[in-house]
Amino acid sequence: MITVTDLRKVYRQGERDVVALDGVTLSVPKGSVHGIIGHSGAGKSTLVRCLTLLDRPTSGSVAIAGQELANVSDRDLLAARRRIGMVFQHANLLDSRTTAQNVAFPLELVGTPRKRVAERVAELLQLVGLDRFADAYPAQLSGGQRQRVGIARALATDPDVLLCDEPTSALDPQTTDEILALIKDLRDRLQLTVLIITHEMHVVKRACDSVSLLEAGKIVEHGSLAEVVGRLGGRLSGALLPLPGEVPEDLPAGTVLELLYSGEHAVEPVISGIARRFDTDVNVLAGSVESLGGEQFAHLRIHLPAGADTAAITDHLKASGIAVAAKEA
Ligand SMILES: Nc1ncnc2c1ncn2[C@@H]1O[C@H](COP(=O)(O)OP(=O)(O)OP(=O)(O)O)[C@@H](O)[C@H]1O
């Protein structure tokens, strides 16, 4: 479990204060994956540095499994840092060491007995699917395999939290999905708490149980994946389940509605239901249907002709639990 409360970081730049984190609060339960998504300059790197104590927060607190990190003395810093395993965009492996020796490195640093190191390395390589590559050097591995070594190394000292900073930004789409599947597998097998910092919506879709949108140092939207997708008009909803294309300019008079629904509605004939019940044509302009956060979601843009009883149709849809937003065509 990781809990961040009202975290602020202000940098002094000449005469000016730069507020990089402006009261960030978030909580990631044990055994779940939380995504922090944000554009360049949003404060993601600052958050990573504050969580790993490379930078001291100006105020606020960070607690891992109930233990406050922000007040740790310099003497206890190394031990505190070991509670967070770090995975970076590039695995940054030592080229002169084999896979097994790279994974062993953090264990050697803390003086683990040699026999225990060998056992632990074997366990970890099996966990990340690299047991056959123990003696390979980084140059002999693919980008995805190198990232697996990086993940095994991050888990070597048995941290409470895995903090992944843009873990798939340097990988191709298929390898990205393999690494994200591995992270979810580790979450389930080890009950690991994972925080993924990313600028890619795909990573949130594929791997995260919950997500926070970071903007100018503030969390402006957050929730479980299903919650944020379900907020029609919300920034995360629009980005996670976007509609292809724009509203055509040459539409006949009428009303354009955007609908968003999930669960049992997503398999019900909503559109033909409206057509029958209100005796009207319905033209589907765009649609996305996808399973996100364990729920099936449908996001549609439809056109109702002039003369259709738009108010009654909207009321009916809302009463059925479907989110609706209208635009005149
Ligand atoms: N050491 C520093 N001194 C002054 N300002 C800083 C410092 N580090 C970061 N900032 C400022 O804090 C804000 C957040 O920066 P940060 O690097 O955390 O964003 P980011 O989301 O990680 O962006 P990117 O993805 O481009 O790395 C920016 O306005 C940045 O200029």
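The protein carries the name Methionine ABC transporter ATP-binding protein in an unreviewed UniProt entry, which gives Arthrobacter halodurans as its organism.

As a further point, take the pairing of strand β3 (residues 33–37). Burial analysis of β3 places five of its five residues in the buried class, the great majority of the element. Both faces of β3 are covered, namely the face carrying Val33, Gly35 and Ile37 and the face carrying His34 and Ile36. Bridge analysis of β3 against strand β8 (residues 193–198) gives five bridges, and the strand direction is parallel. Of the residues in β8, the one forming a bridge with Gly35 is Ile196. Relative to strand β9 (residues 210–215), β3 is paired through four bridges, and the arrangement is parallel.

Let us now look at the sheet that holds β3. Strand order in the open sheet formed by six strands is β6-β7-β8-β3-β9-β10, with mixed pairing between adjacent strands. Looking along the sheet, the strands with just one partner apiece sit at the ends: β6 (84–87) and β10 (218–224). Within this sheet the neighbouring strands show an average axis-to-axis angle of 15°, counted without direction. Strand contacts of helix α6 (residues 173–190): β3, β7 (161–165) and β8, with the helix running at about 140° to β3, the strand carrying the most contacts.

UniProt tags residues 2–241 as "domain: ABC transporter" (unreviewed entry). Summarising residues 2–241: 36% helix, 28% strand, and an end-to-end C-alpha distance of 28 Å.

Bringing the site of the ligand into the picture now. In the vicinity of the ligand, the contacting residues are Tyr11, Gln13, Val18, Ala20, Gly38, Ser40, Gly41, Ala42, Gly43, Lys44, Ser45 and Thr46. Here the shell around the ligand takes three residues from helix α1 (residues 44–51), the largest share from any one element. Across the shell around the ligand, the residue classes break down as four nonpolar, seven polar and one charged.

Calculation criteria
Note on numbering: residues in each chain are counted from 1, in written sequence order. With the structure being a predicted model, the display of local features is reserved for residues of pLDDT at least 70 and the display and counting of side-chain atom pairs for 80 or more, all residues being used for whole-chain, interface and lining totals. Every C-beta atom is placed from the backbone, and the number of other C-beta atoms within 10 Å of a residue's own sets its class: buried at 20 or more, exposed at 12 or fewer, partly exposed in between. Strands are runs of DSSP state E lasting at least two residues, helices are runs of H or I lasting at least four, and both sets are numbered from the N terminus onward. Two strands qualify as a pair provided that DSSP identifies no fewer than 2 bridges between them. Think of each axis as a best-fit line through the C-alpha atoms, taken over the contacting stretch in the case of a helix, with angles from 0 to 180 degrees between the N-to-C directions. Each residue is represented by a C-beta atom placed from its backbone, and any two residues with such atoms within 7 Å are regarded as in contact. UniProt positions are given in the numbering used here, feature names are shortened, and annotations may be inferred rather than shown by experiment. Working rule for contacts: place C-beta from the backbone, and if it is within 6 Å of a molecule or strand, that residue counts as near it. Polar here means any residue outside two lists: the nonpolar Ala, Val, Leu, Ile, Met, Phe, Trp, Tyr, Cys and Pro, and the charged Asp, Glu, Lys and Arg; Gly therefore counts as polar.

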